[in-house]
Amino acid sequence: MSSVSLKGVSKTYAGVTALRPIDLEIPQGEFLTLLGPSGCGKTTTLRLIAGFIEPSTGRILFGGDDVTDLPPQKREIGMVFQDYALFPHMTIGDNIGFALSERGLPKADIAKRVKELLELIRLPSVENRYPTQLSGGQQQRVAVARAVAHSPRVLLMDEPLGALDLKLREAMQNEISAIHRTLKITTVYVTHDQTEAMSMSDRIAVMNDGVIEQMGTATEIYERPKTRFVADFVGQINLLDGAAHGTDNGLLAVTVAGTTLRVPDTGASGAVSIGVRPEQMSLIGAGVPVPAGHNAIAGTVRSRMFAGNRIRFEIDAGTAKPIAIEAHPNTPTVEPGAAVRAVWKPEHSVLLTR
């Protein structure tokens, strides 16, 4: 196992910048997810770490070893792809033990390691089957076992669950997390799925346009986004555009659609956006008193959608986009067209500059 360091690493293809110079430190044993939309640079970063492509600038280190100029087979990595990439003509046991055979380990040692890993992925009886005889989720577990069979310094995973359906994807998230907790291999995981990233990672690096916009724990990224892109990309959020103009009882006053709202004072002024998660808001009737110290903005119900464990309302309040509110299913029925107010505590707001 190793830490991973990227120092001023960038990548340009024929004059087009895929990755701007970044510095990245991944401690030994950490599970780091590179999260972002297509074209943001996350897969390029993973391929640079793997050695599949060469950086245009910068150096890549595993521990204290500079691996920038080493080919993939010399970097001691494990790799898991979206399409599993299992050898169809080999049994599951031979697939898992392939890297060990290539290294010339004795057959008895290979058999022992294969058995250990089949127990770890909870498929102890499939050693003599072929990949086509397993389900997609089982094949992906085998792909993970094969990638870690030779105890790699770094495990790299490129959208490994993208081809699975929702239920199976959720189950595999738990499986991969359990394997990581057991083996404690430094892991770099690429996905565009924010739920996947938040449920599995020690830290998340949110990428956009070839740069890391924010890095932190899932809680930090979700509750304290530092940029408008991060706020909008990770989870659902209401972005209320307005203008900051001084303080009110220690809070920053911001006018949004003609209403003065209060947020934690950051010293900002001028054009700003207030970010509020839909689950942090409540819905009250137009004639109901606003709870003390809460923000409130008036509007009318545009839509009401039942979603099982929650009801999602959209409110027209004169803002650029309707305000979304997620409420408990037992919330009293409020029909479209009703006059209401969206209310929330000032501390549940995050202020973003525009």
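The rules we used
Residues numbered from 1 in each chain as written. Predicted model: local features only at pLDDT ≥ 70, side-chain atom pairs only at ≥ 80, totals over all residues. Heavy atoms only, no water. Axes fitted to C-alpha atoms, helices over the stretch in contact; angles between N-to-C directions. Helix = DSSP H or I, 4+ residues; strand = E, 2+ residues; numbered from the N terminus. Parallel < 35°, antiparallel > 145°, perpendicular 65-115°, else oblique. Left-handed = near helix turned anticlockwise from the far one by under 90°. Contact = heavy atoms within 4.5 Å. Nonpolar A, V, L, I, M, F, W, Y, C, P; charged D, E, K, R; others polar. Pairing = 2+ DSSP bridges. Polar contact = N/O pair within 3.5 Å; in protein donor to acceptor, adjacent residues only side chain to side chain. Buried < 20%, exposed > 50% of the residue type's maximum accessible area, 1.4 Å probe, protein only. Core = buried A, V, L, I, M, F, W, Y, C linked by side-chain atoms within 4.5 Å.

1. Quick word on the packing of helix H4 (residues 136-148) against helix H5 (residues 166-183)
Inference 1: Their axes nearest at 10 Å, the elements H4 and H5 cross at an angle of 20 degrees. Taken together, H4 and H5 sit at an angle that is classed as roughly parallel. Considering only the axes of H4 and H5, their crossing is right-handed. Within the contact between the two elements, H4 uses Gly136, Gly137, Gln140, Arg141, Val144 and Val148 and H5 uses Leu168, Met172, Glu175, Ile179 and Leu183.
Inference 2: Of the residues that constitute the contact of H4 with H5, the class distribution is six nonpolar, three polar and two charged.

2. What to know about the pairing of strand S19 (residues 339-344)
Inference 1: Alignment of strand S15 (residues 282-285) against S19, held across four bridges, turns out to be antiparallel. The partner of Ser282 across the bridge, within S19, is Val343.
Inference 2: For strand S16 (residues 295-306) and S19, the ladder comprises six bridges, and the chain directions are antiparallel. From the neighbouring strand, Ala296 faces S19, where its bridge partner is Val343.

3. Section: the side chain of Arg153
Inference 1: Structurally, Arg153 can be placed in the loop between H4 and strand S7 (154-158).
Inference 2: Polar contacts involving the side chain of Arg153 include one to the side chain of Ser2, which spans 2.7 Å.
Inference 3: Within the local environment of Arg153, its side chain forms a polar contact with the backbone oxygen of Phe62, the two atoms lying 2.9 Å apart.

4. A look at the sheet that holds strand S8 (residues 186-191)
Inference 1: Reading across the sheet, the six strands line up as S6-S7-S8-S3-S9-S10 and stay open at both edges, with mixed pairing between neighbours. The open sheet has two edge strands with one neighbour each: strand S6 (77-80) and strand S10 (211-216). Averaged over neighbouring strand pairs, the angle between their axes works out to 20 degrees when direction is ignored.
Inference 2: In this structure, strand S9 (residues 203-208) lies alongside S10, joined through five bridges in antiparallel fashion.

5. As for the side chain of Glu326
Inference 1: Its location among the elements puts Glu326 in strand S18 (residues 323-327).
Inference 2: Look at Glu326 and you get buried, because its relative accessible area is 19%.
Inference 3: There is a polar contact of 3.3 Å between the side chain of Glu326 and the side chain of Arg312.
Inference 4: Here Glu326 is in contact with Pro278, Glu279, Met281, Arg310, Ile311 and Arg312, once residues within four sequence places are set aside.

6. Notes on the sheet that holds S18
Pairing between the strands of a sheet comes from backbone hydrogen bonds, and it takes one of two forms, parallel or antiparallel.
Inference 1: Here we have five strands laid out as an open sheet, ordered S15-S19-S16-S17-S18, and antiparallel in their pairing. Each edge of the sheet is formed by a strand with only one pairing partner; in this case those strands are S15 and S18. Across the sheet, the mean angle separating the axes of adjacent strands is 45 degrees when strand polarity is ignored.

7. Comments concerning the packing of helix H2 (residues 92-102) against helix H3 (residues 107-120)
Inference 1: One way to put it is that H2 packs onto H3 with a least axis distance of 9 Å and a crossing angle of 125 degrees. When the interaxial angle is binned, H2 and H3 end up oblique. You can see that H2 and H3 cross each other, and the crossing is right-handed. Contacts between H2 and H3 pair Ile92, Gly93, Ile96, Gly97, Leu100 and Ser101 from the former with Ile110, Arg113, Val114, Leu117 and Leu118 from the latter.

8. So, the environment of Arg302
Inference 1: Residue placement: Arg302 occurs in strand S16.
Inference 2: With 114 residues separating them in the primary sequence, Arg302 and Val188 have C-alpha atoms 42 Å apart.
Inference 3: Sequence-distant contacts of Arg302, that is, excluding residues within four places in its chain, are made with Glu314, Ile315, Asp316, Pro322 and Pro336.

9. Here we look at the nonpolar core
Inference 1: Ranked by internal contacts, the top residues of the largest apolar core, which has 32 residues, are Ile96, Val142 and Ile176.
Inference 2: Looking at this core, the elements with two or more residues in it are H2, H3, H4, S7 and H5.
Inference 3: Here the element with the most residues in this core is H4; it accounts for six residues.
Inference 4: Those residues in contact with Ile176 that lie beyond four places of it in its chain are Phe31, Met157, Leu161, Tyr189 and Met200.
Inference 5: By size, the runner-up hydrophobic cluster in this structure holds 27 residues, among which are Leu240, Val263, Met281 and Ile297.

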